[in-house]
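Single-letter residue listing:
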Amino acid sequence: MATDSWLQRIQNAKKTAIIQDGKRKVHFHMEDGKEMVEEYNMDTNVLVRRAWREKGKLGQDVGWAVEVGDPEPKQNNLETYGIEESSSTPFITRRITKTSLEWRIRNLPYPKDVYSVTAEDDNTITIRTSNKKYFKKIKVPDLERIGVKLEQDRITFTHQYNTLIITYKKPSALLDLEKKILNEILPLKATREGEVQCPTS
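Going by an unreviewed UniProt entry, the protein carries the name Protein DPCD and comes from Odynerus spinipes. Turning to the protein, the UniProt annotation filed under Sequence similarities (unreviewed entry) states: "Belongs to the DPCD family."

This brings us to the overall build of the protein. Within the protein, the secondary structure is distributed over 4 helices and 13 strands. Partitioning the intrachain contacts of the protein with sequence separation of at least 6 by distance along the chain shows that 47% fall at a separation of at least 24. Working note: accessible area of the protein is about 12,100 Å², and carbon and sulfur atoms make up 50% of it.

On to unusual backbone geometry, then. The phi dihedral of Asn-107 is positive, around 65 degrees, even though this residue is not glycine. Inspection of the secondary structure assignment puts Asn-107 in the loop between strand S7 (100-106) and strand S8 (115-119). Phi at Lys-132 is positive, roughly 65 degrees, even though this residue is not glycine. Tracing the backbone shows Lys-132 in the loop between strand S9 (124-129) and strand S10 (135-139). According to the relative accessible area criterion, Lys-132 is exposed, its value standing at 74%.

This part is about the pairing of strand S12 (residues 163-169). Counting buried positions along S12 gives 5 out of 7 residues, so the element sits mostly inside the fold. Across 6 bridges, the pairing between S7 and S12 is antiparallel. By the bridge assignment for S12, Ile-105 is matched with Leu-164. Here strand S11 (residues 155-160) pairs with S12 via 6 bridges, running antiparallel. If you follow Phe-157 over to S12, its bridge partner there is Ile-166.

Let us now look at the packing of aromatic side chains. Summed over the entire model, instances satisfying the criterion amount to 2 aromatic pairs. Ring centres of Trp-6 and Trp-52 lie 6.2 Å apart, and the angle between their planes is 50 degrees; on these two criteria the pair is classed as tilted. With Trp-6 in helix H1 (residues 2-12) and Trp-52 in strand S4 (residues 47-55), this residue pair connects regions lying 46 residues apart in the sequence. The buried category is assigned to Trp-6, whose relative accessible area is 6%. Here Lys-112 stacks its cationic end above the ring of Phe-157, 5.3 Å away from the centre of that ring. In this structure, Arg-145 packs its charged tip against the face of Trp-6, placed 4.5 Å from the ring centre.

Here we come to the side chain of Gln-20. Relative to the elements of secondary structure, Gln-20 occurs in strand S1 (residues 14-20). Polar contacts involving the side chain of Gln-20 include one to the side chain of Lys-25, which spans 2.6 Å. With residues near it in sequence (within four places) discarded, Gln-20 still touches Lys-25 and Glu-193.

Rules behind the numbers
- Residues numbered from 1 in each chain as written.
- Predicted model: local features only at pLDDT ≥ 70, side-chain atom pairs only at ≥ 80, totals over all residues.
- Heavy atoms only, no water.
- UniProt positions renumbered as here; feature names shortened; annotations may be inferred.
- Helix = DSSP H or I, 4+ residues; strand = E, 2+ residues; numbered from the N terminus.
- Contact = heavy atoms within 4.5 Å.
- Areas by Shrake-Rupley, 256 points an atom, 1.4 Å probe, with all protein chains shown as cover.
- Buried < 20%, exposed > 50% of the residue type's maximum accessible area, 1.4 Å probe, protein only.
- Pairing = 2+ DSSP bridges.
- Phe/Tyr/Trp six-rings, centres within 6.5 Å; stacked < 30°, edge-to-face > 60°.
- Lys NZ or Arg CZ within 6 Å of the ring centre and 35° of its normal.
- Polar contact = N/O pair within 3.5 Å; in protein donor to acceptor, adjacent residues only side chain to side chain.

Here you go:
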């Protein structure tokens, strides 16, 4: 099953941990050369951020792609390109709770009854509006990695303060995997910010 291959990647990765800003930050160097950083709340052990180091076509470092948590601060494109993204453009942030995966799409002013949120055969969550003003397909990497199909009855959504909040109840396969990953990272010796870090395997 695909769960095992993702767990093996985590187990085989070189991992280092630090405690910083009240969070446990774990840096994974995967065997295939990819790098991932995860940050966990120290009190709840819930993942609050996951980011991947991005490489350009020529192998150069092009920064971090945030998968979970708030996106990196936007560069000012106005100075660079003479254009600036409108501050009213809808944008998505991802959160994870103990029991759910959550997406918040901000800058969507339409009332709740305009939206439909569906689990599609291509394993995306698709958001449509009856007024044809917004359409978005959202991938769910957490489920893709373990080969689990989306189920419509796990999806709920609400709308408030111009934000559409979509919640997906975690299936047991994902909950089990998260427990196993915590068992891998919690025993890591974590240095506190400012201490000298010794390399660990």
